[in-house]
2 protein chains.
Amino acid sequence: MKLGIDLGGTSAKIALVDDHLKILKETSVLSSGNPQPSELVKKISLACLDLMNKKKISKVGVGVAGDIDFDKGVVRISPNLGWKKVPLKALFQKYLKAETIVDNDANVAAWGLYKTQVPSNIKNVIVMTLGTGVGGGIIIDGKLLRGATGSAGEIGHMNIEENGPVCNCGNRGCLETYIGRPHLVKKVIEGIKKGKKTSLSKIYKNNPADISPLAVSIAAKKGDAFAKSIWNEAGHMLGLAIGDLVYLLNPERIYFTGGVAQAKNLILTPLLKTLHQRTFKTPINAVKIQVAQNAPHIGVIGASLL
Amino acid sequence: MKLGIDLGGTSAKIALVDDHLKILKETSVLSSGNPQPSELVKKISLACLDLMNKKKISKVGVGVAGDIDFDKGVVRISPNLGWKKVPLKALFQKYLKAETIVDNDANVAAWGLYKTQVPSNIKNVIVMTLGTGVGGGIIIDGKLLRGATGSAGEIGHMNIEENGPVCNCGNRGCLETYIGRPHLVKKVIEGIKKGKKTSLSKIYKNNPADISPLAVSIAAKKGDAFAKSIWNEAGHMLGLAIGDLVYLLNPERIYFTGGVAQAKNLILTPLLKTLHQRTFKTPINAVKIQVAQNAPHIGVIGASLL
């Protein structure tokens with residue numbers, strides 16, 4: 001029995017996970033509004049103790065959105081929580097009296113997916129979350145790649161086009177600027193404003209907030225050429241990044257999770273077309289690329305396994 | 001005492017290496033002109049036996065330029081040797097009666113450099129050879145990364161600019177098209193033909209074959225603005241690729257070897273400038289980037305350590 005905490009900018013999900021990686025009990029605590037670290041950790045710890053019926057917890061894993069010093073268990077910076085240099089491991093150990101391991105949430109989710117959806121003979125895997133942002137986790141030889149400072153796997157900010165669109169990170173042409181949710185939505189709205197012929201115009205006129213990756217997928221599946229072109233470009237750009245990942249890491253599997261990934265073949269088809277234009281066929285033919293099964297709990301499960 | 005073979009398209013270097021990774025004896029065998037595999041292996045094996053004074057060899061490591069099936073010891077394809085599907089491990093075992101391990105030459109050289117030049121507490125390293133081609137080897141947690149099919153580390157063919165120059169591999173805008181020796185030389189000659197004011201024009205008129213990375217370095221060091229601009233662009237493009245590598249793998253050290261790398265600060269200065277434009281400072285500040293010590297033997301030493 002293990003305890004996992006998935007701490008994001010909106011809420012902290014907490015779950016008690018059994019040895020077969022099934023969730024026995026779960027709860028959550030609000031974390032929005034830039035909470036004071038020790039206050040939030042105290043609240044989460046109380047919820048954990050509740051979940052355990054006051055039984056002693058010996059080990060806890062925590063996934064946090066942000067730049068994490070894995071060795072020290074310190075949150076270097078978390079824009080989502082508004083935190084800088086927070087000794088999260090020490091705080092949890094103080095309130096929970098349990099050994100705590102802290103890691104980046106994308107790493108933790110990749111690890112949870114690897115442990116729950118990937119056959120155990122597969123050892124080299126990349127997991128990419130395609131959502132508002134684009135995150136990733138890299139598994140090599142069956143181990144999560146952390147690198148020198150726990151910063152490895154920053155796939156969303158690979159440079160795709162030097163003079164490309166401005167990214168939230170401040171650089172230009174990061175992968176995220178082609179495939180991240182707000183960028184896709186912006187591109188659709190720009191097209192509509194330019195007068196592109198598309199069924200999405202009507203949706204936009206009724207309520208601009210209804211323009212979402214899901215709406216673009218539905219339109220594309222109904223044959224809307226503009227909607228299809230949006231996915232074709234996004235898939236192509238993702239294919240350029242995946243080509244580099246395959247050449248560098250030669251993985252056996254790549255999994256996509258997150259809302260944008262639910263476009264499935266609309267994104268996979270152009271992606272694979274671009275990928276197969278690469279010359280060296282051995283690594284290209286060796287990788288299987290797929291959208292992961294819907295798994296809202298991989299974050300907490302991964303955290304429980306840290 | 002170990003035996004290593006570094007098998008390229010011109011010659012096979014063979015060396016007997018002691019436990020302190022010093023070369024005790026060495027020899028070489030010509031391998032040019034698309035040799036018949038079993039003939040060449042026989043010749044190399046005889047040279048090995050000579051080197052050993054007919055003493056029995058128990059283990060041999062071989063680095064080969066090409067796409068290698070590491071598990072089976074098969075050369076899938078080696079353009080330099082003109083080989084396809086050559087069971088090199090089986091051939092060496094037949095002629096040398098010794099256990100043989102076969103790997104890609106860039107991997108082997110990276111491993112040799114890692115074992116001879118890198119402090120043993122450093123576990124995450126990238127080695128890049130900047131020469132005619134651009135090759136690489138990636139060391140993670142103190143182990144050489146091979147990936148699913150032994151194809152990992154194909155750094156030279158990372159995509160830098162989708163519509164960039166045509167690469168030898170057939171794709172466009174690979175890193176190699178910005179930093180590989182023939183591409184640098186071509187760019188200089190194009191500049192001279194376009195009438196750029198540069199001291200390299202005189203060298204070109206006397207003998208076009210004298211235009212080399214070394215000549216461009218000498219000119220740049222003497223203040224030639226055109227020569228400097230060549231290195232600035234090459235270093236910038238290399239910096240874009242290094243940025244991705246640092247974000248993905250978060251290495252502690254990156255080493256450059258090969259002829260083009262001898263431009264040293266001419267290439268490192270613009271590289272670091274571009275790298276430090278990236279936003280996430282933790283992995284960027286954690287990596288130390290340097291030109292390796294001159295080490296013509298890292299290939300055979302790495303092979304001996306396979």
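Everything in this summary refers to the structure shown in the same document. For clarity, every value in this text was computed on a predicted model and none was experimentally measured.

## Focus: the overall build of chain A
A count of helical and extended segments in chain A gives eleven helices and 13 strands. In terms of overall dimensions, chain A is globule-like: its C-alpha atoms have a radius of gyration of 20 Å, near the 19 Å expected for 306 residues. With respect to the principal axes defined by its C-alpha atoms, chain A has extents near 60 × 50 × 35 Å. Out of the 306 residues belonging to chain A, those deemed buried represent 57%. Counting every atom, chain A has about 13300 Å² of accessible surface; 52% of that belongs to carbon and sulfur. Across chain A, the mean location of the 40 positive side-chain charges is 4 Å away from that of the 23 negative side-chain charges.

## Topic: the interface of chain B and chain A
The interface of chain B with chain A comprises 43 residues on the first partner and 43 residues on the second. Summed over both sides, the interface of chain B with chain A buries roughly 3400 Å², with 56% coming from carbon and sulfur. Counting across the interface, chain B meets chain A through two salt bridges. Residue Lys-143 of chain B pairs with Asp-141 of chain A through a salt bridge whose shortest N-O separation is 3.2 Å. Linking chain B with chain A are 30 residue pairs in polar contact (both at pLDDT 80 or more), by the criterion used here. Secondary-structure elements contributing two or more residues to the side of chain B that touches chain A are strand E10 (134-140), helix H8 (225-249) and helix H10 (281-286) of chain B. Of the residues contributing to the side of chain B that touches chain A, the split by class is 18 nonpolar, 15 polar and ten charged.

## A short note on a positive patch on the surface
A contiguous patch of positive charge, built from Lys-42, Lys-56, Lys-94 and Lys-97 of chain A, is present on the exposed surface. The topology assignment puts Lys-56 of chain A in the loop between helix H1 (37-51) and strand E4 (59-64).

## Re the environment of Phe-280 of chain A
Mapped onto the elements of the fold, Phe-280 of chain A is located in the loop between helix H9 (265-275) and helix H10 (281-286). You can call Phe-280 of chain A partly exposed: its relative accessible area is 28%. Excluding anything up to four places from it in sequence, Phe-280 of chain A contacts Tyr-247 of chain A together with Glu-154, His-157 and Cys-169 of chain B.

## Focus on the packing of aromatic side chains
Going through the model one piece at a time under the given rule, you end up with four aromatic pairs over all chains. A ring pair is formed by Tyr-247 of chain B and Phe-280 of chain B, whose centres lie 5.5 Å apart and whose planes are at 40°; its orientation type is tilted. On the criterion of sequence distance, the pair formed by Tyr-247 of chain B in helix H8 and Phe-280 of chain B in the loop between helix H9 (265-275) and H10 is long-range, its members being 33 residues apart. Against the face of Phe-70 of chain A rests Arg-146 of chain A, its NZ or CZ located 3.6 Å from the ring centre.

## Some words on the pattern of salt bridges
Applying the stated rule across the entire model yields 14 salt bridges over all chains. One salt bridge in this structure joins Glu-233 of chain A and Lys-187 of chain A, with 2.9 Å as the shortest N-O distance. Here Lys-187 of chain A lies in helix H5 (residues 181-193) and Glu-233 of chain A lies in helix H8 (residues 225-249), a separation of 46 residues in the sequence. Taking relative accessible area as the criterion, Glu-233 of chain A reaches 30% and is therefore assigned partly exposed. Arg-76 of chain B is paired through a salt bridge with Asp-69 of chain B; the nearest N and O atoms lie 3.9 Å apart.

Criteria and thresholds
- Residues numbered from 1 in each chain as written.
- Chains lettered and ligands numbered in written order.
- Predicted model: local features only at pLDDT ≥ 70, side-chain atom pairs only at ≥ 80, totals over all residues.
- Heavy atoms only, no water.
- Helix = DSSP H or I, 4+ residues; strand = E, 2+ residues; numbered from the N terminus.
- Rg over C-alpha atoms; globule rule 2.2 N^0.38 Å.
- Buried < 20%, exposed > 50% of the residue type's maximum accessible area, 1.4 Å probe, protein only.
- Areas by Shrake-Rupley, 256 points an atom, 1.4 Å probe, with all protein chains shown as cover.
- Lys, Arg positive; Asp, Glu negative; His and termini not counted.
- Charge placed at Lys NZ, Arg CZ, Asp CG, Glu CD.
- Contact = heavy atoms within 4.5 Å.
- Buried area = accessible area lost by both parts, 1.4 Å probe.
- Salt bridge = Lys/Arg side-chain N within 4 Å of Asp/Glu carboxyl O.
- Polar contact = N/O pair within 3.5 Å; in protein donor to acceptor, adjacent residues only side chain to side chain.
- Nonpolar A, V, L, I, M, F, W, Y, C, P; charged D, E, K, R; others polar.
- Patch = residues over 30% accessible without salt bridge, like charges linked within 9 Å, V, L, I, M, F, W, Y side chains within 5 Å.
- Phe/Tyr/Trp six-rings, centres within 6.5 Å; stacked < 30°, edge-to-face > 60°.
- Lys NZ or Arg CZ within 6 Å of the ring centre and 35° of its normal.

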